[in-house]
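# A structural walkthrough
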Amino acid sequence: MLCKMNKPNLFTSHRMIKKGFLVFFVVISCLQFLQSQEKHPFIFPTEVFRQAQICTDSGWYDKAVDLLKTIDPSDTSYVDALTELASNYFEAKKYAQSIETANQALSYKSSNCIRLTLIKGNSFDDWGCPDSTIFLYKQALIKYPFHYLLHYNLGITYLNQKQYELAVKSFQEAILCN
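Predicted model only: the values in this text are computed from it and were never measured.

## A word on the overall build of the protein
- Within the protein one finds 9 helices and 0 strands.
- Listing every helix and strand of the protein by position from the N terminus yields α-α-α-α-α-α-α-α-α.
- Buried positions account for 33% of the 178 residues belonging to the protein.
- Accessible area for the protein stands at about 12700 Å²; split by element, carbon and sulfur atoms hold 61% of it.

Written out as structure tokens, the structure reads:
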């Protein structure tokens, strides 16, 4: 009997080549992903916030800032990270950075608007810009007329400026709103 030799099927060899390329690209993609994870590992924001809070409570504001900066802008908690950054800059007496970060966070829609406004106002006030503080709080009170902390902080600014009648009025408004 004669052995019948199979001729190589051109269609089968093209499929094998395509499969080989596919496997090659999948392996390369996985390797690139793993390398990027080594450089920028995934970080759970809740853990970052927890560690940053410990640093803040200990007075290590620069360390807290470094931790909070690791949260990616595409993360849903990014505005919260900016809010905490602004707060830490304020505590570290870096008022310009606090105001800049608060402005950046205020450009997003979030539930942190009042807190950011307070951080920004306190930064202006401690930086020696009471007129900017008063203007900021008055603008915020147009939008949030019943938020007691805005009235209270406005009263503090008036008190520091020795505008006692306006301070008393703001404190009374704060009491009524609270």
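Right, picking up where we left off after that structure.
## Some points on the pattern of salt bridges
- Counted according to the given criterion, the structure contains 3 salt bridges.
- Its salt-bridge partner being R50, residue E47 comes within 2.6 Å of it at the nearest N-O pair. With E47 and R50 both in helix α2 (residues 45-57) and 3 residues apart, the pair spans about one turn of that helix.
- On the accessibility criterion, E47 (31% relative accessible area) is partly exposed.
- Overall, R50 belongs to the partly exposed group, its relative accessible area being 45%.

## A short note on the environment of S110
- The topology assignment puts S110 in the loop between α5 (95-106) and α6 (113-126).
- S110 sits in the partly exposed class, given a relative accessible area of 26%.
- Remark: the alpha-carbon pair of S110 and V79, spanning 31 residues in sequence, is separated by 7.2 Å.
- At 3.1 Å, the side chain of S110 and the backbone nitrogen of N112 are in polar contact.

## Focus on the nonpolar core
- Ranked by internal contacts, the top residues of the largest apolar core, which has 21 residues, are V48, A52, L67, L68, L82, L85 and A105.
- Of all the secondary-structure elements, those providing two or more residues to this core are α2, α3 (61-68), α4 (78-91), α5 and α6.
- When residues in this core are grouped by element, the largest group, 8 residues, is from α4.

## Observations regarding the packing of aromatic side chains
- Taken as a whole and judged by the stated rule, the model has 3 aromatic pairs.
- Pairing Y78 with Y108 gives two aromatic rings, centres 6.1 Å apart and planes at 85 degrees, and the pair type is edge-to-face. Separated by 30 residues along the polypeptide, Y78 in helix α4 and Y108 in the loop between α5 and α6 bring together distant segments of the chain.
- Look at Y78 and you get buried, because its relative accessible area is 12%.
- Using a relative accessible area of 37% as the deciding quantity, one classes Y108 as partly exposed.
- Each ring, one from Y152 and one from F171, has its centre 5.6 Å from the other, and the planes form 45 degrees; the classification is tilted.

Calculation rules
- Residues numbered from 1 in each chain as written.
- Predicted model: local features only at pLDDT ≥ 70, side-chain atom pairs only at ≥ 80, totals over all residues.
- Heavy atoms only, no water.
- Helix = DSSP H or I, 4+ residues; strand = E, 2+ residues; numbered from the N terminus.
- Buried < 20%, exposed > 50% of the residue type's maximum accessible area, 1.4 Å probe, protein only.
- Areas by Shrake-Rupley, 256 points an atom, 1.4 Å probe, with all protein chains shown as cover.
- Salt bridge = Lys/Arg side-chain N within 4 Å of Asp/Glu carboxyl O.
- Polar contact = N/O pair within 3.5 Å; in protein donor to acceptor, adjacent residues only side chain to side chain.
- Core = buried A, V, L, I, M, F, W, Y, C linked by side-chain atoms within 4.5 Å.
- Phe/Tyr/Trp six-rings, centres within 6.5 Å; stacked < 30°, edge-to-face > 60°.

That's the geometry; what it means functionally is another story.
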